Structure formats: structure tokens, C-alpha cells
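Listed below, chain by chain, are the residues.
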Amino acid sequence: MTSADLLIFDLDGTLIDSSRDLADSVNAMRAWLNLEPLADHHIYSYVGDGAPTLIRRALPGLAEPELERALSYFLTYYREHMLDSTVLYPGVREALDLLHAAQIPMAVLTNKPVRFSVQLIEGLGLEMHFFRIYGGNSFEEKKPHPRGIEALIAESCASPNRTIMVGDSAVDVRTARNAGVIACGVTWGFQPETFADAPPDFLIDTMDALADRVL
């Protein structure tokens, strides 16, 4: 017996360290607009609500037509460079291997565009671990709307009280709360400091701690 019917993972900042490639892509876009680069820590604080919001935060005050052009440039650049430096966080592959071997249903729910999410997971060799990958454009609503979790629960026939949403920010905790599932926070990633405003049900310092808890 395991303690979970379904594990749902955020992507950036939870499974993968994509910080370098995201920062480089944002600053490449700013250079294209003849703007000065932003400090990495500012860019990291903008991550988590999807690419359009990331670009709005990185280009405050820009008019809508220019924002759309900038978003298009960013997505094109990022598509070509998203695996330059992106890696799995330490221990993620080993923990996912254990959970997959135990036949725990696992899925990814991220606000990143779904085609990029799929390419990243395939590029890092994890495509066999997840029965579904949903991105920020998979539904009309992004996290923290519960629709993504609700769809995954329905597809896997899981019980909400035995479903765990794992993420690195308050967005993930609020998504879990809105869907009535358990919230697990990771202490690494982009925005674990936001847990002060939205505390998860439990925190883990390494991904194998989740495997130990579930198995």
C-alpha cells in the first residue's frame, strides 16, 4: 500500500533547474529591444505564471502590440536554447524512478506552454514517467485554477485526499487548495519564500523525501 493515488508535479523550479536558460532568453529578448539586461534574481521572481506574464513583468509599461512581438521573440529564442543549461535537480531522477517502479501515477502540471514542457521532459529522458503533461495553454485557465488537477484526478480515478501537488511556489499551493488536494512544497526552486503567504501541508528538502513518504 502507498499513501498516494496520484502525484502532480510543477516543472520549473520543482523538477528542473531552468533558471539559466530562462534568464538568458529574457535578456536576449531585452537586447533585441535595445534594453539593458535584468539581474537574474529579478527574472526568477517573475517565473511561475506562464510566459505571457513573465514577459509583461520583464517589460513593464510596454504597449500590447510590442509585448506580443516580444513574447514571440522570447518563445522562438527559448525554444532553441531551453536545453542549453537546464538540468534535473539533484535526486529527482532517482526519486521518480522509484515512484514509477512502484506504479504511482504521476503527471506534470505547469504554466509553461505545453509544447515546451513536453520537449523538455523528453530531452531530459523522463517522458515514460508521466501519464500526462499539461501546460499553461492546455486549458483556458492556468494555475492556480483547479481545472488541471481536476482533469488529472478524473483521468487517473484518484481520490483528492490521496492526491499530492508538488511545487516550489505559492501558486502551486493555491492550486492544490482550490482543488482540495494535498500541497507539498519543495525548499529549492524559484520561489519557496512565497510559502510564507501560502504554507503547504508539508515541505521536503529533497525529492527522495517525497518517495520515502509515499512509499
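Conventions and cut-offs
- Residues numbered from 1 in each chain as written.
- Predicted model: local features only at pLDDT ≥ 70, side-chain atom pairs only at ≥ 80, totals over all residues.
- Heavy atoms only, no water.
- Helix = DSSP H or I, 4+ residues; strand = E, 2+ residues; numbered from the N terminus.
- Rg over C-alpha atoms; globule rule 2.2 N^0.38 Å.
- Buried < 20%, exposed > 50% of the residue type's maximum accessible area, 1.4 Å probe, protein only.
- Contact = heavy atoms within 4.5 Å.
- Areas by Shrake-Rupley, 256 points an atom, 1.4 Å probe, with all protein chains shown as cover.
- Lys, Arg positive; Asp, Glu negative; His and termini not counted.
- Charge placed at Lys NZ, Arg CZ, Asp CG, Glu CD.
- Pairing = 2+ DSSP bridges.
- Axes fitted to C-alpha atoms, helices over the stretch in contact; angles between N-to-C directions.
- Right-handed = clockwise from strand over helix to strand, strands pointing away.
- Salt bridge = Lys/Arg side-chain N within 4 Å of Asp/Glu carboxyl O.
- Polar contact = N/O pair within 3.5 Å; in protein donor to acceptor, adjacent residues only side chain to side chain.

Asks: What exactly am I supposed to notice about the overall build of the protein here?
Replies: In terms of regular secondary structure, the protein is built from 9 helices and 8 strands. By the compact-globule yardstick of 17 Å for 215 residues, the protein fits well, its C-alpha radius of gyration being 17 Å. With 215 residues in all, the protein has 51% of them scored as buried. Here the contacts in the protein between residues at least 6 apart in sequence split such that 66% fall between residues at least 24 apart. Carbon together with sulfur atoms contributes 52% to the accessible area of the protein, which is approximately 9600 Å² in total. Counting 17 positive and 30 negative side-chain charges, the protein places the centres of these two groups 4 Å from one another.

Asks: When you look at the sheet that holds strand β7 (residues 182-186) in this model, what are you seeing that I'm missing?
Replies: Spatially, 6 strands are ordered β5-β4-β1-β6-β7-β8 in an open sheet, and the strand pairing comes out parallel. Each edge of the open sheet is held by one strand with a lone partner, namely β5 (132-134) and β8 (202-204). The average undirected angle you get between the axes of adjacent strands in this sheet is 25°. Bridge count between strand β1 (residues 6-9) and strand β4 (residues 106-109): 3 bridges; the pairing is parallel. In the strand pairing of β4, F9 is matched with V108.

Asks: Where do I start with the pairing of β7 in this structure?
Replies: Two faces, one strand: in a regular strand the side chains alternate between the faces of the sheet. Here β7 lies mainly inside the structure; 4 of its 5 residues are buried. Across 4 bridges, strand β6 (residues 163-167) lies against β7 in parallel orientation. What sits directly across from I164, in β7, is I182. Following the backbone out of β6, through helix α8 (residues 170-179) and into the adjacent parallel β7, one traces a crossover that is right-handed. In the sheet, β7 pairs with β8 via 3 bridges, with the strands oriented parallel. Residue pairing in the sheet places V186 in a bridge with I204 of β8.

Asks: Which parts of the structure should I look at to understand α8?
Replies: An α-helix turns once every 3.6 residues. As a result, residues three or four positions apart point the same way. Burial analysis of α8 places 7 of its 10 residues in the buried class, which makes it a mostly covered element. Within α8, the full set of buried residues consists of A170, V171, D172, V173, T175, A176 and A179. Where the residues of α8 are buried, they touch β4, α7 (147-156), β6 and β7.

Asks: Any chance you could explain the pattern of salt bridges here in plain terms?
Replies: A pair can form between side chains of opposite charge whenever their charged atoms are brought close. Counted according to the given criterion, the structure contains 11 salt bridges. A salt bridge links E64 to R56; the nearest nitrogen and oxygen atoms lie 3.1 Å apart. For E64, a relative accessible area of 38% translates into the label partly exposed. Salt bridges sharing partners connect three or more residues here, namely D10, K143 and D172.

Asks: Please clarify how the pairing of β6 should be interpreted in this entry.
Replies: Judged by how many residues are buried, β6 sits mostly within the fold: 5 of 5 residues are covered. As judged from the 4 bridges shared by β1 and β6, these two strands associate in the parallel manner. What sits directly across from L6, in β6, is T163.

Asks: Even after reading the chapter, I still don't get the side chain of T110, so can you show me in this structure?
Replies: On the secondary structure map, T110 appears in the loop between β4 and α6 (114-123). Polar side-chain contacts of T110 include one of 3.0 Å to the backbone nitrogen of K112. Dropping the residues within four chain positions of it, T110 is found in contact with D10, L11, D12, S117, Y134, G135, G136 and K143.

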